[in-house]
Structures are given as C-alpha cells and as structure tokens.
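The residues making up each chain are set out below.
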Amino acid sequence: RTKKIFITKPVVEDAKYVRRLCMTTVAFHSCKATYFALHDFTVFAMRDKIRSLASDTAVYGISTIVQRFLTFLLTPLYTNYLSMPELGIVSNIYALIAFVNILYSFGFDSAFMRFVNDDDRSTGSDTSNHARFVFAHAFVPIATLSAVASIVFVIFQAQLGPAAGLPPATLYLFPIIVLIPFFDALTIIPFAHLRMQRRARRFASLKLLIVVVNIRS
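These numbers come from a predicted model, not from an experiment.

Enquirer: What should I look at first to understand the overall build of the protein chain in this one?
Expert: The secondary structure content of the protein chain amounts to 11 helices and zero strands. Starting at the N terminus, the α and β elements of the protein chain follow one another as α-α-α-α-α-α-α-α-α-α-α. When the 217 residues of the protein chain are sorted by exposure, 23% land in the buried category. In the protein chain, of all internal contacts separated by at least 6 residues, the share reaching a separation of at least 24 is 63%. If you sum the accessible surface of the protein chain, you get close to 15,200 Å²; carbon and sulfur atoms cover 67% of it.

Right, here's the structure in full:
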C-alpha cells in the first residue's frame, strides 16, 4: 500500500533531504520526480546567480579601469603646466584628501551594507521602511560629522593651510580643498545603496560622470 507523504516548503527547499525522504518511502517514483525537478531548479538558480555576479563584476571592473585611465590623462597636464614645487603641492593635497575621506566615512558604508538587508532588525513590517531607516541612520551621521569637521578646518585654515603644504599666497584655495572630501562623503551611502540594489550600470555611470566633471573643472 502506497504511503501518503506531505512535503512542506522548507523540505522542498532542501534537495538532499528530499532525496533521503524518497529512499525511505514506498512512493519512490513520484518523490523521485520531485527531487529531480528541485535539483534542476537549484542548478538553474545557481547558474543565474553566477551569470549575474560575472556581469556586475565586469561592469564594476571596467568602470574602475576607465576611471583610473581618465585620471591618468591628467598627468601630462600637470607636468606641462605646473612646476615641480606646484606639482608636489597638488600631490600632497590629494594624498591628504584621500586620508580625510577615510575619516569622514567612519565605517558607516560597511555598516550600512551589513544591516540594510537584515529584516530581523527592522522596526517596521515593510522592508522598504527598514531600508530607509538604515539609510537615514548611516547618511545623517556622515553628513553631520563631515560638515562640522569642514567648518572647523575652514575656521583654522590659517594654521592648517601651511601644515598641509599650502603657500601663504594660495590659502584662499583652502575652503575649496575642504569641500572636496565633504562632497565625497555625501556620496558614500548613496553609492553603497546602489551597490546593494545591484544597480551596477547606474553606479558606474555616476562614477564616470564625477570623474569627467572633475577633469573638466
């Protein structure tokens, strides 16, 4: 006599468990069909994820290479129109900006990507509300702290400018230099949000647009 088996959704999601269940039941043929159907679906889902991962990796990688190449094109401009001391000042300023960018992020980008999809920690029942909740709690501290730090830098520019290597005649550029890492900080969480939404093409397009604007300016 054929046994009746009831395969619930959690059981169906585990192909190995279904196979063991098939081996212990009389209704082997019907359960075997379920197992192979589940196996084919698992393989198809895995292939789809690998294909999507390869596509996103290619977009991110190519966009990064193009960004570095466009930045490299500025080297002849610097070497032809700037003297060696001026080129040293520019290199020193950009090195300090890279260091300040790390401080301005405060690690909130990693925290955002860690918790934005963590539905168990959501205060609401809607996933979109949880995403907005995490976005706000990551973006607001970065914007606030970087704005306060930028204001402090501008107030003490007479002391910080020479320490950064700026000659006294170019101290008027210090507020502009301070704004560069500030605006970079404002884009940290939005770009992390695009990555979590797997919008690789929009992410790459905006990154390239920023590089082009910097070159033209």
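Enquirer: How do you make sense of the environment of Leu53 when you look at a structure like this?
Expert: Checked against the element boundaries, Leu53 lands in helix H3 (residues 28-72). Between the alpha carbons of Leu53 and Arg198 there is a distance of 9.7 Å; along the sequence they are 145 residues apart.

Enquirer: Can you walk me through a nonpolar patch on the surface in this structure?
Expert: Together, Val148, Ile151, Val152, Ile155, Phe156 and Leu160 make up a nonpolar patch on the protein surface, roughly 540 Å² of accessible area in all. By secondary structure assignment, the location of Val148 is in helix H7 (residues 127-155). Of the residues examined, Val148 reaches a relative accessible area of 46% and is grouped as partly exposed.

Enquirer: What is the right way to read the packing of helix H6 (residues 108-115) against helix H10 (residues 188-196) from this model?
Expert: Axis angle and axis distance: for two packed helices, these are the angle between their axes and the distance between the axes, and together they describe the pair. It is the contact of H6 with H10, at a shortest axis distance of 10 Å, that shows an interaxial angle of 30°. Regarding the angle of H6 to H10, the classification is roughly parallel. As H6 packs across H10, the resulting crossing turns out to be right-handed. Residues Phe108, Asp109, Phe112 and Met113 of H6 form the contact with H10, whose own contacting residues are Ile188, Ile189, Ala192, His193, Arg195 and Met196. Here the contact of H6 with H10 is built from residues that sort into seven nonpolar, one polar and two charged.

Enquirer: I'm lost on the confidence of the model for the protein chain in this one. Help?
Expert: A low pLDDT score tells you not to read the predicted coordinates there in detail. Residues at a pLDDT of 70 or more form 73% of the protein chain, whose mean pLDDT is 76. Ranking the elements of the protein chain by mean pLDDT puts helix H1 (residues 9-12) last with 43 and helix H9 (residues 174-186) first with 91. Here residues 1-13 scores under 50 on pLDDT; set against residues more than four positions off or in separate chains, the count is 16 contacts. A low-confidence stretch, residues 25-29 (pLDDT under 50), is modelled with eight contacts involving residues beyond four sequence positions or located in other chains.

Enquirer: How should the packing of aromatic side chains be read in this particular structure?
Expert: Aromatic ring pairs: the centre-centre distance and the angle between the two ring planes describe each pair. Taken as a whole and judged by the stated rule, the model has four aromatic pairs. Considering the side-chain rings of Phe191 and Phe203, the 5.2 Å spacing of their centres and the 75° angle between planes classify their relative orientation as edge-to-face. Of the two residues, Phe191 sits in helix H10 while Phe203 sits in helix H11 (residues 200-216), which places them 12 residues apart along the sequence. Accessibility expressed as a relative area gives 9% for Phe191, which makes it buried. The rings of Phe112, Phe135 and Phe139 are connected pair by pair, giving a single aromatic cluster. In this structure, Arg114 is placed above the aromatic ring of Phe115, and the distance from its NZ or CZ to the ring centre is 4.8 Å.

Enquirer: Please explain the side chain of Ser150 as it appears in this structure.
Expert: Looking at the secondary structure, you find Ser150 in helix H7. In terms of polar contacts, Ser150 uses its side chain to reach the side chain of Tyr104, at 3.4 Å. The contact partners of Ser150, leaving out residues within four places of it in the chain, are Tyr104, Val178 and Phe182.

Thresholds applied
- Residues numbered from 1 in each chain as written.
- Predicted model: local features only at pLDDT ≥ 70, side-chain atom pairs only at ≥ 80, totals over all residues.
- Heavy atoms only, no water.
- Helix = DSSP H or I, 4+ residues; strand = E, 2+ residues; numbered from the N terminus.
- Buried < 20%, exposed > 50% of the residue type's maximum accessible area, 1.4 Å probe, protein only.
- Contact = heavy atoms within 4.5 Å.
- Areas by Shrake-Rupley, 256 points an atom, 1.4 Å probe, with all protein chains shown as cover.
- Patch = residues over 30% accessible without salt bridge, like charges linked within 9 Å, V, L, I, M, F, W, Y side chains within 5 Å.
- Salt bridge = Lys/Arg side-chain N within 4 Å of Asp/Glu carboxyl O.
- Axes fitted to C-alpha atoms, helices over the stretch in contact; angles between N-to-C directions.
- Parallel < 35°, antiparallel > 145°, perpendicular 65-115°, else oblique.
- Left-handed = near helix turned anticlockwise from the far one by under 90°.
- Nonpolar A, V, L, I, M, F, W, Y, C, P; charged D, E, K, R; others polar.
- pLDDT = per-residue confidence, 0-100.
- Phe/Tyr/Trp six-rings, centres within 6.5 Å; stacked < 30°, edge-to-face > 60°.
- Lys NZ or Arg CZ within 6 Å of the ring centre and 35° of its normal.
- Polar contact = N/O pair within 3.5 Å; in protein donor to acceptor, adjacent residues only side chain to side chain.

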